[in-house]
Amino acid sequence: MTNNKEQWSSRFGFIMAAAGSAIGLGNLWKFPYITGTNGGAVFLLLYIVFLVLLGIPILLSELSIGRFAGMNAIDSCKKIDSKWGFAGAFGIAGAFGVMSSYCVVGGWVIRYIINSVTDAGMSADYFSEFSSRGLEPILWTLVFMAITCFIVTGGVAKGIERVSSILLPILIVFLLGIMIYSLTLPNAIEGVKFFLVPDFSEIEGFSGFMRIALNAMGQVFFSLSLGMGTLITYGSYLPKESRLLQSTVTVVVMDTVIALAAGFAILPAVFSFGLEPGGGFGLIFQTLPVVFSRMNGGTFISAIFFVLVLFAALTSSISLLEVIVAWVCTKTKLTRTWAAIIVSALIFAAGSLASLSVGAVPQLSVGDVPLFNFFTFMSDKVIMPLGGFFICLLTGWIWGIPNASEEISNSGKLKFRARKLFSVTVRYIAPALIAVIFVTSVFSGE
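Procedures and definitions
Residues numbered from 1 in each chain as written. Predicted model: local features only at pLDDT ≥ 70, side-chain atom pairs only at ≥ 80, totals over all residues. Heavy atoms only, no water. Helix = DSSP H or I, 4+ residues; strand = E, 2+ residues; numbered from the N terminus. Contact = heavy atoms within 4.5 Å. Axes fitted to C-alpha atoms, helices over the stretch in contact; angles between N-to-C directions. Parallel < 35°, antiparallel > 145°, perpendicular 65-115°, else oblique. Left-handed = near helix turned anticlockwise from the far one by under 90°. Nonpolar A, V, L, I, M, F, W, Y, C, P; charged D, E, K, R; others polar. Phe/Tyr/Trp six-rings, centres within 6.5 Å; stacked < 30°, edge-to-face > 60°. Buried < 20%, exposed > 50% of the residue type's maximum accessible area, 1.4 Å probe, protein only. Polar contact = N/O pair within 3.5 Å; in protein donor to acceptor, adjacent residues only side chain to side chain. 1 Å grid on protein atoms, 1.4 Å probe; cavity = no way out; pocket = protein on both sides within 12 Å on 5 of 7 lines; lining within 4 Å. Points joined across faces, edges and corners; volume = space filled by probe spheres on them. Expected span 1.5 Å × (residues − 1). Arc of directions from axis to C-beta. Salt bridge = Lys/Arg side-chain N within 4 Å of Asp/Glu carboxyl O.

(A) Region of the structure containing the environment of Gly-359. Structurally, Gly-359 is set in the loop between helix H15 (336-358) and strand S1 (365-366). When the C-alpha positions of Gly-359 and Ser-223 are compared, they lie 26 Å apart, and in sequence the two are 136 residues distant. Setting aside chain neighbours within four positions, we find Gly-359 in contact with Ser-131 and Ser-132.

In structure tokens, the structure reads:
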């Protein structure tokens, strides 16, 4: 096991890359629709609770492990304890699983950018027809994977950091612009109420509450890329003088602000035109095109929106691919370029099957669940939570709070006032929450 030689060129670059990893389809694609399908503000409240109790401590733990070891996700965990490499292996498996469906959605986004420019596919029926074509969605999946692969082959500083530092600020500025426009639409206040005012009557008993809690927890993991080895890998490129706690809080705050901005950009517009906010993952591919078609300047706004979604998808996809590539480069004699190409080809193959399962070949399923949905379920409700669970145990009980705190405080040079809270959270609260919700979901079939 050898330490990584590459490093981020600046703190700003790292923040942009780490925040870009978190700010992806989980914010612009998934957050608005999963909020809509889980009672609006009820889900939002639970999401914020899990951000504090799970998001911050697990993200901080992953960065600390990565910087301490300076290796890929598996070997970083092994450096702490040789028997605990499996904790990092969850990250490798999770990254592959997420990317297998993520690249499909990325391909859809590219197609919709073209649709916006040509004023095509602006009806609710277009998505079903497009996703059932078979070959065409797969070709756009290939385009998305090729772009992701090309960026990763450029390395940490010249590839991932440079692209993230350009795309993320542009994404933030234009998303805020769309949000402001959406909030000025007629009847937009109904969307704001749906987003911010809890309606507890929508919760169907304890099982209904646990379903929403499970989805909120899964969204925190998906949105922040927890339990996927991304932050361990990114942490391994950090210099020893970097401020881990400050960086963690910055990334979480940026991710939350973008998720909220996406909700304020999408849900008020949906309510303004009397459409359904809980339209599943088709919200931005079926509902929003109809919304854009009814707006003044809707073609331009649609193009800008889907470009933003593409930027968000890319900043996350490059982090997911990097997790696997970093491990492959360590375990083989392959160069970064060839490792990225081979891993991308494998992900594309799995993504092609996932794409076909959505429309053209629904028989590609696990039981009654289409392969696309199966990849999504396994990654954000099974692999990532389990990965986060074992990262908590590794940090809190195997490595130990004194050692973790030593790394977080830069050997005592920085004050770590939240040490006691971090200790209680990472050793007890976070593992217990993950275990209870995970077990409940298994028995409830959610």
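(B) Local environment of the packing of helix H7 (residues 135-153) against helix H14 (residues 298-331). The geometry of H7 relative to H14 is characterised by a closest axis approach of 9 Å and an angle of 60° between their N-to-C directions. Judged on the interaxial angle alone, H14 and H7 are oblique. Relative to H14, the crossing made by H7 is right-handed. Contacts from Phe-144, Ile-147, Thr-148, Cys-149, Ile-151 and Val-152 in H7 reach Leu-310, Ala-313, Leu-314, Ser-317, Ile-318, Leu-321, Glu-322 and Val-325 in H14. Considered class by class, the residues forming the contact of H7 with H14 number eleven nonpolar, two polar and one charged.

(C) Examining the packing of aromatic side chains more closely. What the rule picks out here adds up to 29 aromatic pairs. On the basis of an interplanar angle of 70° and a centroid distance of 6.3 Å, the ring pair of Trp-84 and Phe-390 is categorised as edge-to-face. On the criterion of sequence distance, the pair formed by Trp-84 in the loop between helix H4 (73-80) and helix H5 (85-118) and Phe-390 in helix H16 (residues 371-408) is long-range, its members being 306 residues apart. A single burial state applies to Trp-84 and to Phe-390, both of which are buried.

(D) Representation of the side chain of Thr-425 in the model. Here Thr-425 lies in helix H17 (residues 419-444). By relative accessible area, which is 6% here, Thr-425 ends up buried. Of note is the side chain of Thr-425, whose polar atom sits 2.7 Å from the backbone oxygen of Leu-421. With sequence-adjacent residues up to four places away left out, Thr-425 is seen in contact with Leu-53, Pro-57, Ala-430 and Pro-431.

(E) Representation of empty space enclosed by the protein within the structure. All chains considered together, the criterion is met by four cavities of 30 Å³ or more. Volume-wise, the largest cavity comes out at about 70 Å³. Lining the largest cavity are Ile-178, Tyr-181, Ser-182, Ala-265, Ile-266, Ala-269, Leu-288, Val-291, Phe-292, Met-295, Ile-301 and Phe-305. Mapped onto the lining of the largest cavity, the elements with two or more residues apiece are helix H8 (156-183), helix H12 (244-272), helix H13 (283-294) and H14. Residue classes in the lining of the largest cavity are distributed as eleven nonpolar, one polar and no charged. Lining the second largest cavity are 13 residues, and of these Ser-21, Tyr-102, Phe-222, Ser-225 and Ser-316 sit closest to its centre. Those elements that provide at least two residues to the lining of the second largest cavity are helix H1 (11-22), helix H2 (25-36), H5, helix H10 (205-224) and H14.

(F) Just the environment of Arg-133, in detail. Turning to its location among the elements, Arg-133 is positioned in the loop between helix H6 (126-131) and H7. For Arg-133, a relative accessible area of 36% puts it in the partly exposed group. Separated by 223 residues in sequence, Arg-133 and Leu-356 have C-alpha atoms that sit 8.6 Å apart. A polar contact is formed between the side chain of Arg-133 and the side chain of Glu-129, at a distance of 2.7 Å.

(G) Examining H7 more closely. Between the first and last C-alpha of H7 there are 27 Å, a value that for 19 residues agrees with the 27 Å anticipated at 1.5 Å per step. Turning to H7, its buried residues number three or more, namely Pro-137, Ile-138, Trp-140, Thr-141, Phe-144, Met-145, Thr-148, Cys-149, Ile-151 and Val-152. Packing partners of the buried residues in H7 comprise H5, H6, H8, H14 and H15. Taken from the residues just after H7, Gly-155 is the one with a positive phi, measuring 95°.

(H) Spotlight on helix H9 (residues 188-196). Inspection of H9 places Ala-188, Gly-191, Val-192 and Phe-195 among the buried residues, and these make up the whole buried set. Projection of H9 onto a plane perpendicular to its axis shows the buried side chains occupying an angular sector of 100°, all on one side. Buried residues in H9 make contact with H2, helix H3 (41-69), H8 and H12.

(I) Just the pattern of salt bridges, in detail. Enumeration according to the criterion identifies nine salt bridges in this entry. A salt bridge links Glu-136 to Arg-111, with the nearest nitrogen and oxygen atoms 2.9 Å apart. Note that Glu-136 is positioned in helix H7 and Arg-111 in helix H5, a separation of 25 residues in sequence. With a shortest N-O distance of 3.9 Å, Lys-193 and Glu-190 are connected by a salt bridge. Here the residue Lys-193 and the residue Glu-190 both occupy positions in helix H9, the gap between them amounting to three residues, near one helical turn. Residue Lys-193 is classed as partly exposed on the basis of its relative accessible area of 43%. Residue classification places Glu-190 among the partly exposed positions, given a relative accessible area of 31%. Counted as one network, the salt bridges with shared partners bring together Arg-111, Glu-129, Arg-133 and Glu-136.

That's the geometry; what it means functionally is another story.
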